[in-house]
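# Examining the three-dimensional arrangement
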Amino acid sequence: MTSTDRSTGGFFGLTVSRPIAMGVLFVTAVLIGAIAYSRIPLQFLPSGIEGSRFTVLVPNAGATAQENVDKVARVMEEQFRTLPNIADDRSYSGTDSVRLRVKFDGNADSDLSKAELRDRIERARVDLPEDVDRFYVWSSDDGDPPIVWLALVATERSANVATLVDKYVYKALEGVDGVSRVQIWGLLNESIRILLDEEKVVAAQLDLGALIRRLRTDNFAQPLGEIEDGGTEFILRSDMRFQDLEEVRDYPIREGLRLRDVASVERVNSVRDELTRIDGGYAYYGQIQKESSANVVTVGREIAEVLESLQDDPRLRGKISAEVLFNQADFIESSLDQLKSTAVIGGGLAVLVLFLFLRRARMTLCVALCIPVSALLAIAFVGFRGGTFNVLTLTG
């Protein structure tokens, strides 16, 4: 076999002898890379660096911190320790509630982890106090920074505005796929007000100071200590809190006289102790947190679209307007755009230096085309494997 035959054989010889086929393959590879580039998810850092994180809130009204440690936190932690792929769990017990943070390693599937976490909560339910009947689970660490800060500006101050925010804005934001928690400040909580009739109070010769002290001392929840019976330890607690409005209205002042006889008891909004304004309008501030496994850019874009659609909602038009104060998606896209422009400038300088050394435009052009084509093929490979376009992939 001659040297000419050897040079035209093999893989490289095949590529030279079949220019049309290689051209089709080249164009196909570029198109696949371009499609992958247009569809690959954007993210600041790749998923899997940090595992899925969850926050569990267990309300236990009237319980002390020590009661919550013994009867709630320890029971929940014993169940959580049986979870697979768990990296860390911590509990914070205080008066009236217990907060638990659970973190899984990067290999754990987020949806499966959440399902298993809820399963352990149900297993623990039978060993918890009877007063514990609700659990709140968020697919994020409550210490995570929010991805969106927003302000809701109302043109007028009325109780109807708070209803609109809670009924339409709050639920619309919670319905965005990937949103873990929505918090809006400025809405007034409900409270019970006792509105005394001055003439009836005077006629009954009531001592209002004594009545207020009695109401305060008779409405309480207090631990009474611990007892042990048959090797089992029981925590005793006295719960003397009012259960409903009728119980407050029937509160005995003295023989033959009840609270309903001298006052009306109503459930109303709390008194506002602070007020925020933006451009002359009454404002409500809010923050939104995402699920730990959700894509920041995708969730941020969907939140922006929902807020924009709320502006056109006839139920809110002219009453409430939304303003985005910070969107982490915008920051990430800006950072990635800067890295892209840096990569383009770096590639251009590399081509220029190559041309100065080779002094041949055709060969320089061939080498220059390899840079974007290789990048597109790498993006296609990452995209089809379920990866994301992030700072680390650009750096590489």
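Coordinates for the structure precede this section.
Numbering of residues starts from 1 in each chain and follows the order in which that chain's sequence is written. Thresholds applied to this predicted model are a pLDDT of at least 70 for local features of residues and 80 or more for the giving and counting of side-chain atom pairs; totals over whole chains, interfaces and linings are not thresholded and use all residues. Side-chain numbers come from the whole structure's heavy atoms, not from hydrogens or water.

### A word on the sheet that holds strand β3 (residues 97-104)
- A pair of strands counts as paired when DSSP detects no fewer than two bridges linking them. Elements are defined by DSSP. Helices are runs of H or I of four residues or more, strands are runs of E of two residues or more, and each kind is numbered from the N terminus. As summarised here, the arrangement of the four strands in space is β2-β3-β1-β4, forming an open sheet in which the pairing is antiparallel. The sheet is open, and its two edges are formed by β2 (86-94) and β4 (136-138), each paired on a single side. Across the sheet, the axes of successive neighbouring strands diverge by a mean angle of 15°, strand direction being ignored.
- Relative to β3, strand β1 (residues 53-59) is paired through seven bridges, and the arrangement is antiparallel. Counted as the bridge partner of L57 is R99 from β3.
- Relative to the sheet, helix α4 (residues 65-80) contacts β1, β2 and β3, its axis offset from that of β2 by approximately 165°.
- In the packing of helix α5 (residues 110-125) onto the sheet, the strands contacted are β1, β3 and β4, and the crossing angle to β1 comes to about 25°. To get an axis, a line is fitted to the C-alpha atoms, and for a helix only the part in contact is used. The angle between two axes follows their N-to-C directions and goes from 0 to 180 degrees. Note on contacts: a residue pair is in contact if any heavy atoms of the two residues lie within 4.5 Å.

### Here we look at the pattern of salt bridges
- A side-chain nitrogen of Lys or Arg and a carboxyl oxygen of Asp or Glu constitute a salt bridge if their distance falls within 4 Å. Using the criterion set out here, one finds 11 salt bridges in the structure.
- The partner of E246 in a salt bridge is R249, and the shortest N-O contact between them spans 2.8 Å. On the criterion of helical spacing, the pair formed by E246 and R249 is a turn pair, its members being three residues apart in helix α9 (residues 245-249).
- The shortest N-O distance in the salt bridge between D250 and R260 comes to 2.9 Å. On the criterion of sequence distance, the pair formed by D250 in the loop between α9 and β10 (252-254) and R260 in the loop between β11 (257-258) and β12 (263-269) is long-range, its members being 10 residues apart.
- Here D250 falls in the partly exposed class, since its relative accessible area comes to 33%.
- Among the charged side chains, a network of salt bridges with common partners joins E246, R249, D250 and R260. Relative accessible area decides the class of each residue, using a 1.4 Å probe on protein chains only: under 20% of the type maximum gives buried, over 50% gives exposed, and in between gives partly exposed.

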